[in-house]
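Descriptive structure summary
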Amino acid sequence: MQRLSRLETLALVAIIVVAAVLRLAGLGHIPAGPYRDEAFNGLDTLDILRGQHALYFAANNGREPIFIYLVALSVGALGRSPFALRLPAALISLLTVPATFLMARELWGRRVGLLSAAVLAVMLWPIHLAHVGFRAVLLPLFMALTVWQAARGWRTRRTRHWVAAGILYGLCFYTYLAVRFTPALIALFLIYAWFAHPRQRTTMLQAVLPFALSTLIVAAPLAIYAAGNW
C-alpha cells in the first residue's frame, strides 16, 4: 500500500475539515424544521429511550435499525431537538469521506483516493443527506468500507480482510433498503471475473466462502425476522 507523504496527509486533513464545515454548519436549522421521515425517527427514538427495542421499525413503510439507534444515542445525550435528530447523519456523511479515500486508495492509489475524497466532500447529495436525518446516508459508508476490505483481501490474500468485508456487508442490510439490490450486482461481478480472469479462480473461491459465511451470520437475525414478517 502506498503511504501518504506529509503534503498528502495535510491535503486529506484539509478535505475532512472542509467536509465537516459543510456538513455541520447550520445543522439544527437548515433545512427548517424536521421532515416527515425525521419525525418518524424521532418517535421511534423516544420508544427506544423508554426501553422498547426493536430489530426492525415497521412505521413509515418500514425502516432498518442502525440509524435509528444512533439517533437514540444522540437524542439521549443532547436532548430533543432537530440538531440531535440530524447529528448522526452529519457525522456519518463526514466519516464517508475518509472511508471513500481508503476504498479508492486501495483500488487505484493514493492520488485517486485523495481526489475521490475531495469530490465527495463538496458534492451536493452527501451534504444534503448530512443535513436531514435519513437513514440512506449509512449505506455509502458501509459499502465503501466493504469494498475497501474486499480490495485489501484481494491484494493481500489474507482471510481476515474477507471476513471483515463480509461482516461490513452483512451490516449493510441494517442500513437502508437499497442494499437489497446489491447481491445481484455482486453475482454479476463474480460471473464476469470468473470468465475474464481464469487464473484467479482459485483465489476467488478462497475468498467467497469467508465473505459469504460472515455476511450470512451477521445478516441472519434480520433475515429471520423478514421471513416471519413478510
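The coordinates are above.
Summary of the structure given here.

As for the pattern of salt bridges
One pass over the full model with this rule turns up 9 salt bridges. In this structure, arginine 50 and aspartate 47 form a salt bridge, with 2.9 Å as the shortest nitrogen-oxygen distance. Exposure remark for arginine 50: the relative accessible area of 55% places this residue in the exposed category. Take aspartate 47: its relative accessible area is 24%, and that puts it in the partly exposed class. Taken together, the salt bridges that share partners define one network made up of Glu64, Arg135 and Arg180.

What about the side chain of serine 214?
Within the element layout of this structure, serine 214 appears in helix 10 (residues 201-228). Among the residues examined, serine 214 registers a relative accessible area of 8% and is labelled buried. One polar contact links the side chain of serine 214 to the main-chain carbonyl oxygen of valine 163, over a distance of 3.3 Å. Filtering out sequence-adjacent residues up to four positions away, serine 214 remains in contact with Trp162, Val163, Gly166 and Ile167.

Side note on the environment of methionine 103
Its location among the elements puts methionine 103 in helix 4 (residues 82-108). Residue methionine 103 is classed as buried on the basis of its relative accessible area, which comes to 18%. Sequence spacing of methionine 103 and leucine 188 is 85 residues, and the spatial spacing of their C-alpha atoms is 20 Å.

Overview of a nonpolar patch on the surface
Taken together, Leu185, Leu188, Ile191 and Phe195 make up a surface patch of nonpolar side chains, about 470 Å² in accessible area. Mapped onto the elements, isoleucine 191 comes out in helix 9 (residues 182-196).

Cut-offs and rules
Residues numbered from 1 in each chain as written. Predicted model: local features only at pLDDT ≥ 70, side-chain atom pairs only at ≥ 80, totals over all residues. Heavy atoms only, no water. Salt bridge = Lys/Arg side-chain N within 4 Å of Asp/Glu carboxyl O. Buried < 20%, exposed > 50% of the residue type's maximum accessible area, 1.4 Å probe, protein only. Helix = DSSP H or I, 4+ residues; strand = E, 2+ residues; numbered from the N terminus. Polar contact = N/O pair within 3.5 Å; in protein donor to acceptor, adjacent residues only side chain to side chain. Contact = heavy atoms within 4.5 Å. Patch = residues over 30% accessible without salt bridge, like charges linked within 9 Å, V, L, I, M, F, W, Y side chains within 5 Å. Areas by Shrake-Rupley, 256 points an atom, 1.4 Å probe, with all protein chains shown as cover.

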